[in-house]
Amino acid sequence: MLASISSLLTGEHRARAMAMFGVAGGAAAALGQILGGVLIEANVFDLGWRSVFLVNVPVGIVALIAAVKLLPETRAHNAQRVDIVGAALLALTLVLLLLPLTEGRPLGWPLWTWVSLAATIPAVALLGLHQHRSEKAGRAPLIPPTVLRLRAMRIGLLLAVGFFTTFGGFMFVFALATQGEAGMSPLEGGLSLLPMAVGFLITSIYGPRLQQRYGAGLILRGWIVQSVGYAVLAVVALTVWPDVTPWTLAIPMLIAGFGSGLVMVPLIGVVVGQVPPAQAGLGSGILLTSQQTCLALGAATVGTAYLSLAGTSWGQGGALAAVALAITAISLLMTPVTAKLR
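Criteria and thresholds
- Residues numbered from 1 in each chain as written.
- Predicted model: local features only at pLDDT ≥ 70, side-chain atom pairs only at ≥ 80, totals over all residues.
- Heavy atoms only, no water.
- Helix = DSSP H or I, 4+ residues; strand = E, 2+ residues; numbered from the N terminus.
- Buried < 20%, exposed > 50% of the residue type's maximum accessible area, 1.4 Å probe, protein only.
- Contact = heavy atoms within 4.5 Å.
- Areas by Shrake-Rupley, 256 points an atom, 1.4 Å probe, with all protein chains shown as cover.
- Phe/Tyr/Trp six-rings, centres within 6.5 Å; stacked < 30°, edge-to-face > 60°.
- Axes fitted to C-alpha atoms, helices over the stretch in contact; angles between N-to-C directions.
- Parallel < 35°, antiparallel > 145°, perpendicular 65-115°, else oblique.
- Left-handed = near helix turned anticlockwise from the far one by under 90°.
- Nonpolar A, V, L, I, M, F, W, Y, C, P; charged D, E, K, R; others polar.

Draft legend 1. Just the overall build of the chain, in detail. When helices and strands are tallied, the chain shows 13 helices and zero strands. Going through the 342 residues of the chain one by one, you find that 43% of them count as buried. In the chain, of all internal contacts separated by at least 6 residues, the share reaching a separation of at least 24 is 76%. Accessible surface, the chain: about 17,200 Å² in total, of which carbon and sulfur atoms supply 70%.

Laid out in structure tokens, this is it:
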């Protein structure tokens, strides 16, 4: 999708489209929690929590029809073969990393989880070696080393890792906390995220205009605003918990959503916009792969840390506050990195 945006649009129109793409992802993550709560409460076909997967069916059908009807053909003049070996090595690396992080804690961290995590290192090395040799041989590697050597791409990937890992982890633990000790229903827990979605909506309206004025500096401001939102959430979790409601959580969630939107709106556009047009598809693919990987990685790592703390004297409120403060610290650490973007 990002490659199509890069090839079909230019100037202000491309910047706005990329901004909308980024905000759509964040808003969808927040709104998905609300819709999931509605479906669980409705207990469609007596499926319970499994009914949330029904969302993919109509959305996928509509997206497929819209893509066929509305998107023009954007095909490279010189088609390259798919890097099947690279895709297989990347998939293997992700499985070796994510599977033990997801299943390790509930299984008591058996030996195979540590072996799998250790095997991630040679898998990454093998993937890197294959990508380097493929590019040197004139083929089209899945993750081109030349693209990774671009300064903007390296910084952008670091920012993406910081943002999407913490965002994915927070969305996971927030659902556990609100529907745990706080005693909220799935619908109430989802509605608690509505202010965050509103924050994303506001940035989708004004973000492109602000990006023209501040450029990459908008991302830096976003990190600061986001850190304030999560810090306020930590205070609420420490002082009010477990007597929280969607109303008591509204202010910190609105601030965090607004700040998160200010990070996401320009991040994709600024990074992909600095990649040469001929490599826009590869650059966007790397960025989006990192996004999806980090969302899953965040749920696994942050979720494990949260559950470990929640089972101690910290309780779920203290564990949520610890996660929120950790995200605050990471957000502030990202500001000097963001300052290196131009």
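Draft legend 2. Representation of the packing of aromatic side chains in the model. Evaluation of the coordinates by the stated rule reveals seven aromatic pairs. Plain terms: the ring middles of Phe167 and Phe200 are 6.1 Å apart, the flat faces sit at 90 degrees to each other, and that makes the pair edge-to-face. In this pair, Phe167 is assigned in helix H7 (residues 151-178) and Phe200 in helix H9 (residues 194-214), connecting sequence segments 33 residues apart. Here Phe170 and Tyr230 contribute two aromatic rings whose centre-to-centre distance is 5.0 Å and whose plane-to-plane angle is 80 degrees, an arrangement assigned as edge-to-face. Of the two residues, Phe170 is situated in helix H7 and Tyr230 in helix H10 (residues 217-239); the sequence distance between them amounts to 60 residues.

Draft legend 3. Geometry of the packing of helix H4 (residues 84-107) against helix H5 (residues 111-136). Between H4 and H5, the shortest axis-to-axis distance is 9 Å and the interhelical angle comes to 160 degrees. Looking at the two axes, H4 sits roughly antiparallel to H5. As for how H4 packs across H5, the hand of that crossing is left-handed. Residue composition of the contact of H4 with H5, by class: 17 nonpolar, eight polar and one charged.

Without other data, these values stay purely geometric and don't point to any function.
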